[in-house]
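Spelled out, the chains give:
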Amino acid sequence: MVDWDRERSRLVTHLRERVADESVLDAMERVPRHLFVPERKRRNAYADRPLPIGEGQTISAPHMVAIMADLLDLSSGDAVLEVGTGCGYHAAVTAELVGAENVYSVEYHESLAATARETLAATGHGDVSVRAGDGKQGWPEHAPYDRVYLTCAAPDFPPSLVEQTRTDGYLLAPIGDGTQTLVRARKRADGTLDREDHGSVRFVPLQ
Ligand code: SAH
């Protein structure tokens, strides 16, 4: 029998070298990543690397989820839009930080959205809202969002997502076609973006 809690604690100890925010590390400690990955990949669930989740997609490496949560500076009550639900793991970590009822996530593949919903319900994050569709259009019904992030790479921040972010809110995404840069942008009152680069990354492309 694998001691998943111990494996997860070991992972969080390793993440401490890259992320200092205790609330993010606590969130990572609370979400059972092994329940989000397909059964055949489960034994690697607490290795710090991406894993395949079906439909040619991957769950991001844990350090990337932690770094993104840290950059988004999430607080309880923040309304958050995620583009790219995948298996739902990243959404669960976000839910730990802001409250599940404040997380809205859009997934392109219907099958992944359905599985993510089931897993999120099983891990106690069932109040996260998951919709199948094109995330480039956002989810206008629940806008404005305090934070918007993409877990797939886009050529630039899609205009609808900028529109649905509140003034002074943050957007975070891997930006670029070949080489990608993790970019955090703050939305100014005039609608323009104040951008900051946070290094090279590798994500699956936006559909
Ligand atoms: N956060 C996810 C990572 C998934 S990988 C997790 O924790 O598992 C990126 C996801 O973005 C994939 O599931 C892919 O299907 C989805 N995606 C790609 N293009 C999209 C689009 N236009 N709208 C919504 N989701 C999209």
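Structure: above.
These numbers come from a predicted model, not from an experiment.

**So, the sheet that holds strand β4 (residues 103-107)**
Read across the open sheet, the seven strands follow the order β5-β4-β3-β6-β7-β8-β9; overall the sheet is mixed. Bordering the open sheet on either side are β5 (129-132) and β9 (193-201), each of which pairs with just one other strand. Pairs of neighbouring strands in the sheet enclose a mean axial angle of 15 degrees, with direction left out of account. Pairing of strand β7 (residues 165-175) with strand β8 (residues 180-187), which is carried by six bridges, proceeds in the antiparallel orientation. Of the residues in β8, the one forming a bridge with tyrosine 170 is arginine 186. Along the sheet, helix α5 (residues 110-122) contacts β4 and β5; its crossing angle with β5, the most-contacted strand, is approximately 165 degrees.

**What to know about the nonpolar core**
Counting 47 residues, the largest nonpolar core has Met28, Tyr89 and Val128 as the members making the most contacts within it. Only α1 (4-15), α2 (22-30), β1 (51-54), α3 (62-72), α4 (89-98), α5 and β7 provide two or more residues apiece to this core. Methionine 28 has contacts with Arg8, Val12, Leu15, Pro62, Val65, Ala66, Tyr89 and Val93, leaving out every residue within four places of it along the chain. By size, the runner-up hydrophobic cluster in this structure holds 21 residues, among which are Ala79, Ala185, Leu193 and Leu206.

**Examining the pattern of salt bridges**
When the charged atoms of two side chains lie near each other, side chains of opposite charge can form a pair. A full pass over the atoms with the stated rule returns 10 salt bridges. Measuring nitrogen to oxygen at the nearest pair gives 3.4 Å for the salt bridge that ties lysine 136 to aspartate 134. Here aspartate 194 ties to arginine 188 by a salt bridge, and the two come within 3.9 Å at their closest N and O atoms. Residue classification places aspartate 194 among the partly exposed residues on the basis of a relative accessible area of 33%. The network of salt bridges with common partners includes Asp168, Arg186, Arg188 and Asp194.

Criteria and thresholds
Residues numbered from 1 in each chain as written. Predicted model: local features only at pLDDT ≥ 70, side-chain atom pairs only at ≥ 80, totals over all residues. Heavy atoms only, no water. Pairing = 2+ DSSP bridges. Helix = DSSP H or I, 4+ residues; strand = E, 2+ residues; numbered from the N terminus. Axes fitted to C-alpha atoms, helices over the stretch in contact; angles between N-to-C directions. Contact = heavy atoms within 4.5 Å. Core = buried A, V, L, I, M, F, W, Y, C linked by side-chain atoms within 4.5 Å. Buried < 20%, exposed > 50% of the residue type's maximum accessible area, 1.4 Å probe, protein only. Salt bridge = Lys/Arg side-chain N within 4 Å of Asp/Glu carboxyl O.

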